[in-house]
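Structure at a glance
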Number of protein chains: 2
Amino acid sequence: MQTDNFIPCFSIDCVVFGFHNNELRVLLLKLKNLDKWMLPGGFVSYDKDVDEEAIKVLRERTGLDDIFLRQFHLFGKKDRISKSHAQEMVDKKVISEDLKKWFDQRFLSLGYYALVEYSKVKKPEPDPVSEAIEWCPFSELPDLVIDHVDIVQKAHQRLKKELNFQPIGLNLLPDEFTMSELQALYETILNKQLDRRNFRRKMLAFDILKNTGKKRTGNAHKSPILYSFDQEKYQQLLQADHLF
Amino acid sequence: MQTDNFIPCFSIDCVVFGFHNNELRVLLLKLKNLDKWMLPGGFVSYDKDVDEEAIKVLRERTGLDDIFLRQFHLFGKKDRISKSHAQEMVDKKVISEDLKKWFDQRFLSLGYYALVEYSKVKKPEPDPVSEAIEWCPFSELPDLVIDHVDIVQKAHQRLKKELNFQPIGLNLLPDEFTMSELQALYETILNKQLDRRNFRRKMLAFDILKNTGKKRTGNAHKSPILYSFDQEKYQQLLQADHLF
DNA sequence: TATTATTGTGTCGTATTGACACATTGTAAA
DNA sequence: TTTACAATGTGTCAATACGACACAATAATA
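Because the structure is predicted, anything quoted here is derived from the model rather than measured. (Residues numbered from 1 in each chain as written. Chains lettered and ligands numbered in written order. Predicted model: local features only at pLDDT ≥ 70, side-chain atom pairs only at ≥ 80, totals over all residues. Heavy atoms only, no water.)

Let's talk about the protein's contact with DNA strand C
Surveying the vicinity of DNA strand C reveals 20 residues, the closest of which are A:Arg197, A:Arg200, A:Ile225, B:Arg197 and B:Arg201. Protein-adjacent atoms of DNA strand C, using a 4 Å cutoff, are sugar or phosphate at a proportion of 43%. A distance of 3.2 Å separates a phosphate oxygen of DNA strand C from a polar backbone atom of B:Gly218. In the model, a base oxygen of DNA strand C is placed 3.3 Å from a nitrogen or oxygen of the B:Lys222 main chain. (Near = heavy atom within 4 Å. Polar contact = N/O pair within 3.5 Å; in protein donor to acceptor, adjacent residues only side chain to side chain.)

What to know about the side chain of A:Arg80
By the secondary structure assignment, A:Arg80 is in the loop between strand 5 (68–75) and helix 2 (85–91). Apart from residues no more than four positions distant in its own chain, A:Arg80 is found in contact with A:Asp13, A:Phe75, A:Phe107, A:Leu108, A:Ser109, A:Ile146, A:Asp147 and A:Ile151. (Helix = DSSP H or I, 4+ residues; strand = E, 2+ residues; numbered from the N terminus. Contact = heavy atoms within 4.5 Å.)

Describing a negative patch on the surface
A cluster of acidic residues, A:Glu88, A:Asp91, A:Glu97 and A:Asp98, forms a negative patch on the protein surface. Within the element layout of this structure, A:Glu97 appears in the loop between helix 2 and helix 3 (100–103). (Patch = residues over 30% accessible without salt bridge, like charges linked within 9 Å, V, L, I, M, F, W, Y side chains within 5 Å. Areas by Shrake-Rupley, 256 points an atom, 1.4 Å probe, with all protein chains shown as cover. Salt bridge = Lys/Arg side-chain N within 4 Å of Asp/Glu carboxyl O. Lys, Arg positive; Asp, Glu negative; His and termini not counted. Charge placed at Lys NZ, Arg CZ, Asp CG, Glu CD.)

Some remarks on the domain arrangement of chain A
Residue and element names in this part refer to chain A. As far as domains go, chain A holds domain 1 (6–149) and domain 2 (179–239). The straight-line distance from the C-alpha centre of domain 1 to that of domain 2 is 31 Å. The partner domain 2 presents 5 residues to the 4 residues of domain 1 that form the contact. Interface of domain 1 and domain 2: buried area, both sides summed, is about 390 Å²; carbon and sulfur atoms make up 80% of it. Per-residue buried area on domain 1 facing domain 2 is highest for Phe19, Asn22 and Leu24; these three make up 85% of the total on that side. Where domain 1 packs against domain 2, one counts 0 salt bridges. In this structure, the connection of domain 1 to domain 2 is made through 0 residue pairs in polar contact (both at pLDDT 80 or more). Residues of the side of domain 1 that touches domain 2, tallied by class, amount to 2 nonpolar, 1 polar and 1 charged. (Domains from an automatic or database assignment. Buried area = accessible area lost by both parts, 1.4 Å probe. Nonpolar A, V, L, I, M, F, W, Y, C, P; charged D, E, K, R; others polar.)

With respect to the interface of chain A and chain B
Between chain A and chain B, the residue contacts involve 37 residues of the former and 38 residues of the latter. Of the roughly 3100 Å² buried between chain A and chain B on both sides combined, carbon and sulfur atoms contribute 61%. At the boundary of chain A and chain B, one finds 8 salt bridges. On the surface where chain A and chain B come into contact, there are 15 residue pairs in polar contact (both at pLDDT 80 or more). Of all the secondary-structure elements, those providing two or more residues to the side of chain A that touches chain B are strand 1 (6–20), strand 4 (41–45), helix 1 (50–62), strand 5, strand 6 (108–115), helix 4 (148–162), helix 5 (179–190) and helix 6 (196–206) of chain A. When residues in the side of chain A that touches chain B are grouped by element, the largest group, 4 residues, is from strand 1 of chain A.

Quick look at the protein's contact with DNA strand D
By nearness alone, 20 residues border DNA strand D, and A:Arg197, A:Ser223, B:Ser180, B:Arg200 and B:Ile225 come closest of all. By atom count, sugar and phosphate contribute 43% of the portion of DNA strand D lying within 4 Å of the protein. At 2.8 Å from a base nitrogen of DNA strand D is found a side-chain nitrogen or oxygen belonging to A:Arg201. Here a phosphate oxygen of DNA strand D sits 3.0 Å away from a polar atom, N or O, in the main chain of A:Gly218. Among the elements of the structure, helix 6 of chain A together with helix 6 (196–206) of chain B are those that each provide at least two residues to the surface near DNA strand D.

With respect to helix 5 of chain A
Residues and elements named next belong to chain A. For helix 5, with 12 residues, the first-to-last C-alpha span of 16 Å sits near the 16 Å given by 1.5 Å per residue. Burial analysis of helix 5 places 9 of its 12 residues in the buried class, which makes it a mostly covered element. Asn191 sits one or two residues past helix 5 and shows a positive phi near 55°. (Expected span 1.5 Å × (residues − 1). Buried < 20%, exposed > 50% of the residue type's maximum accessible area, 1.4 Å probe, protein only.)

Remarks on the side chain of A:Asp13
All names here are of chain A. Within the secondary structure, Asp13 is located in strand 1. One buried charged residue, Asp13, remains without a salt bridge, the closest side chain of opposite sign being Arg80 at 4.2 Å. For Asp13, the side chain forms a polar contact with the side chain of Ser109, separated by 2.5 Å. Excluding anything up to four places from it in sequence, Asp13 contacts Leu39, Pro40, Gly41, Arg80, Ser109, Leu110, Gly111, Tyr112, His148 and Ile151.

Section: helix 6 of chain B
Of the residues flanking the start of helix 6 of chain B, the one acting as N-cap is B:Asp195, its side-chain oxygen 2.9 Å from the backbone nitrogen of B:Arg197. Of the residues trailing helix 6 of chain B, B:Asp207 is marked for its positive phi of about 65°.

Observations regarding the relation of the copies chain A and chain B
Take chain A, turn it by 179°, move it 0.0 Å along the axis, and it overlays chain B with an RMSD of 0.1 Å. Such a combination of rotation and displacement between the chain copies is what one expects of a two-fold axis. When C-alpha distances to the rotation axis are compared across chain A, the minimum falls at A:Pro8, with a value of 3.4 Å. The residues that chain A uses at the interface reappear at the interface of chain B in 97% of cases, marking a shared surface. (Least-squares fit on C-alpha atoms with pLDDT ≥ 70 in both.)

Put into structure tokens, the structure is as follows:
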């Protein structure tokens, strides 16, 4: 890693949300030789936009390019990284000795959250630092380094909040999905049961769903309608500030 | 300025909103020897939290301590500062020669916005860099350095958005105010006319206003009731995420 | 063919919201 | 002293949105 081209004391961490088996999941890296996990992240080159670098991290980790990605908070507490952290990374050979100085800095970390379609993410390649990359259930996160738990929690809070004003799902669901699947997504993110019939009414009122005319068969019981998002109207709704 | 204790490449900019004469205003610094203005801001010491430093900036500029202050965006475009900016500052003797190196860096700037009560801000002291500090009308901003216009605009956008979910006014209005004044504040921020009677109903429904029993006299026409905020209920409303 | 769980659809009462009208009041003009 | 005026306090009405709830349709399974 060529650290001298990076802006010092500054890092990016991405909370990548996916949805699978009615479960909200977060993309996490398992550190080598250590029973800890971390968020995919990186540093910012002097000659790159910060947002650009975040997109790059996502592309490298998910293979996806056109991703829903938002900054949500700068984590800037002075003691967010314990003094022993870099030393431990060196001791356990997670990073090489010559990188210790770089990792021993104080870091401000800009948190991004991303919404991606679980199935479209190519099985990501581990990198020199991590031995594995996995979708971990949001509800039972493993042990995370530094303040990454806080970052994930704050990302989730923000996502919950945004959910009220923005349609969400386009980036988390496959191209075609049932109303129940969409509802399950909302229920999972909000961690709250919603009334099936009222939910349907509300979603249809948004006028962002297209009935594909198809149905999902094979699932036993009545075959549900498959919907897709009307991209154009979806984007319009994202723009609009239909409030007050 | 002792720059070697600062985190490099990183700055803070604060958009301080005030409300006066039915007008939204922003606190701006006039640069010495240059017909440009800038946002009050600063740098972050290695041994301070970022948020702490933002609070410090506000305290120094407004004399206020317990301020409504929120991070809202990190401005991280690689070319946000023109290459000639630092040189110009030196040439015009805004900063001394030895600071040129510091100001010649690439900077990421974390934007904060603050809501303060216009009248409570002590007439702020200019500093070595600025020759004046003024409340400028948001609607007719002067020429600002770097991307500070963007920062102000984005802060305003965020404020507008937050206005829909959070009561605002406690920090922008004097302790006692009329319903019309509160409405004028909302109309100014939202840049939109609101129905007087519906606005009143909505505000009273929030149950955060206390009728002080007093009236404002002398203003010609019927004397309006003076309200104050019920701090406790106000804070409760700020916490609650009464959505979906 | 009957069962069953899931899905599509609708109703009903209530709360919220937008549009609008009228009576009240305090100062300034007559 | 009276009157005019303009802003304020209060209320109505219809349209809409929302929460709680019931029933019919359907497709695999038994």
